[in-house]
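# Structure assessment
Given next are the chains, with one letter for each unit.
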Amino acid sequence: MNSPAQPVLSDLRRMIAANPDRFAAGVFTRLFSTTPALRDLFPVEMGSLRTTFAQVIDYVLDAISAEDGHEDLIEFLAQLGRDHRKYGVTSEHYWLMYDALMTEFSRMLGARWTQEVYDAVSHGTMLITGVMRGAAESAPGPAVWHAKVVQKFVISRERAVVRLIADADAPRFHAGQYTEVQIPQWPHLWRNLSPATPPNERGELEFHLHAIPGGYLSGAIVRQTQPGDVWTFGQVHGTMQVTGDRPVLMVAGGSGLAPLRAILLDMARRVDNPETRLFYGARHPGELYELGVLQQLARTNPWLHVTAVAETETDPWWIDGAPDPRQWGFDLRFGRVGDVAVEYPRTLSRHSLEPRNWIDHQILLSGPAPMVFHTQLKLRSTGVDPANISHDPLN
Ligand SMILES: NC(=O)C1=CN([C@@H]2O[C@H](COP(=O)(O)OP(=O)(O)OC[C@H]3O[C@@H](n4cnc5c(N)ncnc54)[C@H](O)[C@@H]3O)[C@@H](O)[C@H]2O)C=CC1
């Protein structure tokens with residue numbers, strides 16, 4: 001875009017960046033005051049939603065100013081529209097959002113709200129609401145689907161495994177993808193979770209949870225979920241999968257093992273798998289609770305090699321009676337899982353037949369965002385091409 005309104009749009013972005021929460025709160029207050037029923041579609045606590053909202057508006061204002069790259073913007077907005085179906089957002093709501101946004105923008109710009117600026121901002125706002133509405137209207141399949149909890153295993157005071165059976169209209173997904181989840185204890189709150197098993201005809205789903213500090217959903221699942229609860233699911237996302245044409249390195253941190261576990265279980269149904277080395281890490285040895293399952297998998301699938309990694313050599317007092325991970329027959333190393341994985345080839349003897357580096361590997365990372373971020377940086381510093389590394393989006 002090369003218009004006289006350009007400097008004003010840049011100013012608008014600066015004003016939003018200076019106080020994103022105030023901007024987002026202003027828009028939502030207008031929206032809820034004109035149509036109070038809309039408030040019920042949103043979570044009680046809207047802090048993180050307001051942050052994301054301001055980021056999206058900033059991204060769009062930036063992208064519409066650019067000469068090209070609009071295909072990415074359109075796809076981004078279309079995906080956002082499809083994602084918003086789960087909130088019960090209807091076509092009419094997009095018009096209300098258009099009005100709320102335009103009113104807030106005009107308030108922010110005051111005397112600089114000229115016809116030219118109005119046209120440029122209206123164009124951008126119409127693009128956001130129009131593309132989202134169109135994509136939502138034409139999206140296939142139901143907006144949400146459901147599954148009932150049938151089993152729950154409490155692994156420790158912080159960790160649980162939950163099994164569910166999905167309704168017949170659950171969408172098809174592939175191993176390694178993640179889905180938006182809402183639980184009855186937290187209506188309106190959506191979080192992404194990765195099934196830890198590949199999809200099957202019976203609709204069985206398994207999720208692994210760590211009650212992370214401040215995690216409303218993970219905490220409620222670990223402490224309150226019980227058989228009979230019905231969970232609601234939205235869109236399925238994610239592109240992690242094994243291409244099969246190269247050896248594979250997987251690095252999993254804690255419950256981030258879930259999508260990689262699903263991929264491994266899926267691979268175990270085939271015979272023609274590439275050599276795959278998994279580094280499975282936790283803070284403490286006693287938290288490596290999936291080693292039993294991994295041992296069974298590795299025993300019958302000679303292409304799979306597992307290294308267990310813990311940050312500490314002993315368990316704290318509150319992990320009581322966990323077996324020594326070495327009893328499963330795996331190599332146990334100490335440190336952060338990403339560091340151990342990246343350094344691993346350098347620790348091998350000259351005569352080892354194992355890979356000398358990870359450069360020709362397909363690499364899948366999953367775990368806490370800082371772990372994924374740091375592991376990626378370390379791998380790149382050893383010459384790994386970033387195009388060979390996949391992971392789910394980091395929030
Ligand atoms: N449950 C699920 O379906 C999925 C969960 N995740 C994410 O995986 C994470 C799992 O968390 P926890 O089980 O609590 O893992 P955790 O905090 O126990 O850590 C697991 C591993 O990550 C490493 N690590 C942690 N922080 C690090 C840092 N700052 N830098 C480098 N390495 C670090 C640790 O050394 C350890 O090896 C959560 O953030 C969750 O959002 C990701 C995908 C799916």
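Conventions and cut-offs
- Residues numbered from 1 in each chain as written.
- Predicted model: local features only at pLDDT ≥ 70, side-chain atom pairs only at ≥ 80, totals over all residues.
- Helix = DSSP H or I, 4+ residues; strand = E, 2+ residues; numbered from the N terminus.
- Buried ≥ 20, exposed ≤ 12 C-beta atoms within 10 Å, placed from the backbone.
- UniProt positions renumbered as here; feature names shortened; annotations may be inferred.
- Pairing = 2+ DSSP bridges.
- Contact = placed C-beta atoms within 7 Å.
- Axes fitted to C-alpha atoms, helices over the stretch in contact; angles between N-to-C directions.
- Expected span 1.5 Å × (residues − 1).
- Arc of directions from axis to C-beta.
- Near = placed C-beta within 6 Å.
- Nonpolar A, V, L, I, M, F, W, Y, C, P; charged D, E, K, R; others polar.
- Domains from an automatic or database assignment.
- Parallel < 35°, antiparallel > 145°, perpendicular 65-115°, else oblique.
- Left-handed = near helix turned anticlockwise from the far one by under 90°.
- pLDDT = per-residue confidence, 0-100.

## What to know about the overall build of the chain
Each helix and strand in the chain was counted, giving 11 helices and 12 strands. Projecting the C-alpha coordinates of the chain onto the three principal axes gives extents of approximately 75 × 50 × 40 Å. For the chain, with 395 residues in total, the buried portion stands at 36%.

## Some points on the UniProt feature "domain: FAD-binding FR-type" (unreviewed entry) in the chain
If you check UniProt for "domain: FAD-binding FR-type" (unreviewed entry), the listed places come out as residues 142–261 in our numbering. For residues 142–261, helix accounts for 12% and strand for 39%, while the C-alpha atoms at its two ends are 28 Å apart.

## A look at the sheet that holds strand β10 (residues 331–334)
Pairing between sheet strands relies on hydrogen bonds along the backbone, with the strands arranged either parallel or antiparallel. Sheet architecture is open: 6 strands sit in the order β10-β9-β8-β7-β11-β12, paired in parallel fashion. Edge positions in the sheet fall to β10 and β12 (389–390), since each has one partner strand and no second. Looking at chain direction, strand β7 (residues 248–253) and strand β11 (residues 362–366) are connected through 5 bridges and run parallel. Across the sheet, residue Ala252 finds its bridge partner in β11, namely Ser366. Against the sheet, helix α9 (residues 291–300) makes contact with β8 (276–282) and β9 (304–310), and its axis sits at roughly 160° relative to β9, the strand it touches most. Lying on the sheet, helix α11 (residues 369–381) is in contact with β7, β11 and β12; it crosses β11 at an angle near 155°.

## Quick word on the sheet that holds strand β1 (residues 145–154)
What the 6 strands build is an open sheet, ordered β4-β3-β6-β1-β2-β5; its pairing is antiparallel. Strand pairing shows two members of the sheet lacking a second neighbour, β4 (191–193) and β5 (204–210), which therefore form its edges. Between one strand and the next, the sheet's axes are offset by a mean angle of 40°, whatever the strand orientation. Inspection of the sheet shows β1 paired to strand β6 (residues 230–237) by 4 bridges, in the antiparallel sense. Bridging from a neighbouring strand, His146 pairs with Thr232 of β6.

## Quick word on helix α1 (residues 6–18)
Along an α-helix, residues three or four positions apart point the same way, because every turn accommodates 3.6 residues. Spanning 13 residues, α1 covers 19 Å between terminal C-alpha atoms, matching the ideal 18 Å at 1.5 Å per step. Taken as a whole, α1 has its buried residues at Leu9, Leu12 and Ile16. Down the axis, α1 shows its buried residues gathered within 55° of arc, on one side only. α1 presents Pro7, Arg14, Ala17 and Ala18 as exposed residues on the side facing more than 90 degrees away from its buried surface.

## With respect to unusual backbone geometry
One non-glycine residue, His188, lies in positive phi territory at about 75°. Its place among the elements puts His188 in the loop between β3 (178–182) and β4.

## Examining the site of the ligand
Close to the ligand lie 27 residues; Gly253, Gly254, Gly256, Gly281 and Pro370 are nearest. Counting only elements with at least two residues in the shell around the ligand, the list comes to β5, α8 (257–267), β8, α10 (337–343) and α11. In terms of residue class, the shell around the ligand is built from 11 nonpolar, 12 polar and 4 charged. Each of domain 2 (145–237) and domain 3 (248–390) accounts for three or more of the residues forming the shell around the ligand.

## Focus on the packing of α1 against helix α3 (residues 47–65)
The contact between α1 and α3 brings their axes to 10 Å, and the two run at 160°. What the angle tells us is that α1 and α3 run roughly antiparallel. Crossing angle aside, the handedness with which α1 passes α3 is left-handed. Two secondary-structure elements touch here, α1 through Gln6, Leu9, Leu12, Arg13, Ile16 and Ala17 and α3 through Ala54, Ile57, Asp58, Leu61, Asp62 and Ser65. Of the residues that constitute the contact of α1 with α3, the class distribution is 7 nonpolar, 2 polar and 3 charged.

## Brief notes about the environment of Ile57
The residue Ile57 is located in helix α3 in this model. Considered as a pair, Ile57 and Pro171 are 114 residues apart in the sequence and their alpha carbons are 30 Å apart.

## Details of the packing of helix α2 (residues 20–34) against α3
At a minimum axis separation of 8 Å, α2 and α3 run at an interaxial angle of 100°. Classified by the angle between their axes, α2 and α3 sit roughly perpendicular to one another. Each of Pro20, Asp21, Phe23, Ala24, Ala25 and Phe28 in α2 lies in contact with α3, whose residues at this interface are Arg50, Thr51, Phe53 and Ala54.

## Examining the domain arrangement of the chain
In terms of domains, the chain is made up of domain 1 (6–138), domain 2 (145–237) and domain 3 (248–390). Computed over C-alpha atoms, the centres of domain 1 and domain 2 are 31 Å apart. Taken together, the contact pairs 5 residues of domain 1 with 6 residues of domain 2. When the residues that make up the side of domain 1 that touches domain 2 are grouped by side-chain class, the tally is 2 nonpolar, no polar and 3 charged.

## Things to note about the confidence of the model for the chain
With 98% of its residues at a pLDDT of 70 or more, the chain shows a mean pLDDT of 92. Scored as a complex, the prediction yields pTM 0.87 and ipTM 0.96.

## A word on the pairing of β11
Of all the 5 residues making up β11, 5 are buried; the element is thus mostly covered by neighbouring parts of the structure. Burial along β11 is two-sided: the residues Gln362, Leu364 and Ser366 and Ile363 and Leu365 are all buried. The pairing of β11 with β12 spans 2 bridges and is parallel. Among the inter-strand pairings, Ile363 is bridged to a residue of β12, identified as Ile389.

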